[in-house]
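As a plain string of letters, each chain reads:
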Amino acid sequence: MFLPKYPDSPTPPPAHTHTPTEPPPVRRSLPSVSIDQQTIVALVVGGVVLTALLAAVAVTAISVAVAAVVLRSMLRDQHRR
């Protein structure tokens, strides 16, 4: 039996050519921070002071609000007479 003869064709070039890319940049790590006992003490003292100031402001606000209610009540009673 006779087989048809096909012309020799070279393989076609690939559609996607792989071009080597640059390696990703090396990420620099953050510098290490040394935490010693003095730093912890300073943070705790600062937190206590700020908490005390916040409590003082809250107590003052409540006192002013109570005084305003009492004064308003007293003035309303005086206007009714």
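Residues numbered from 1 in each chain as written. Predicted model: local features only at pLDDT ≥ 70, side-chain atom pairs only at ≥ 80, totals over all residues. Heavy atoms only, no water.

A. Expanded view of the overall build of the chain. Scanning the chain from N- to C-terminus turns up one helix and zero strands. Counting all 81 residues of the chain, 0% fall into the buried class. Per element, the accessible surface of the chain, about 8900 Å² overall, is 68% carbon and sulfur. (Helix = DSSP H or I, 4+ residues; strand = E, 2+ residues; numbered from the N terminus. Buried < 20%, exposed > 50% of the residue type's maximum accessible area, 1.4 Å probe, protein only. Areas by Shrake-Rupley, 256 points an atom, 1.4 Å probe, with all protein chains shown as cover.)

B. Main features of a nonpolar patch on the surface. On the surface, a cluster of nonpolar side chains totalling about 510 Å² of accessible area is made up of Val 33, Ile 35, Ile 40, Val 44 and Val 48. Along the polypeptide, Val 33 turns up in the segment before α1 (37–80). (Patch = residues over 30% accessible without salt bridge, like charges linked within 9 Å, V, L, I, M, F, W, Y side chains within 5 Å. Salt bridge = Lys/Arg side-chain N within 4 Å of Asp/Glu carboxyl O.)

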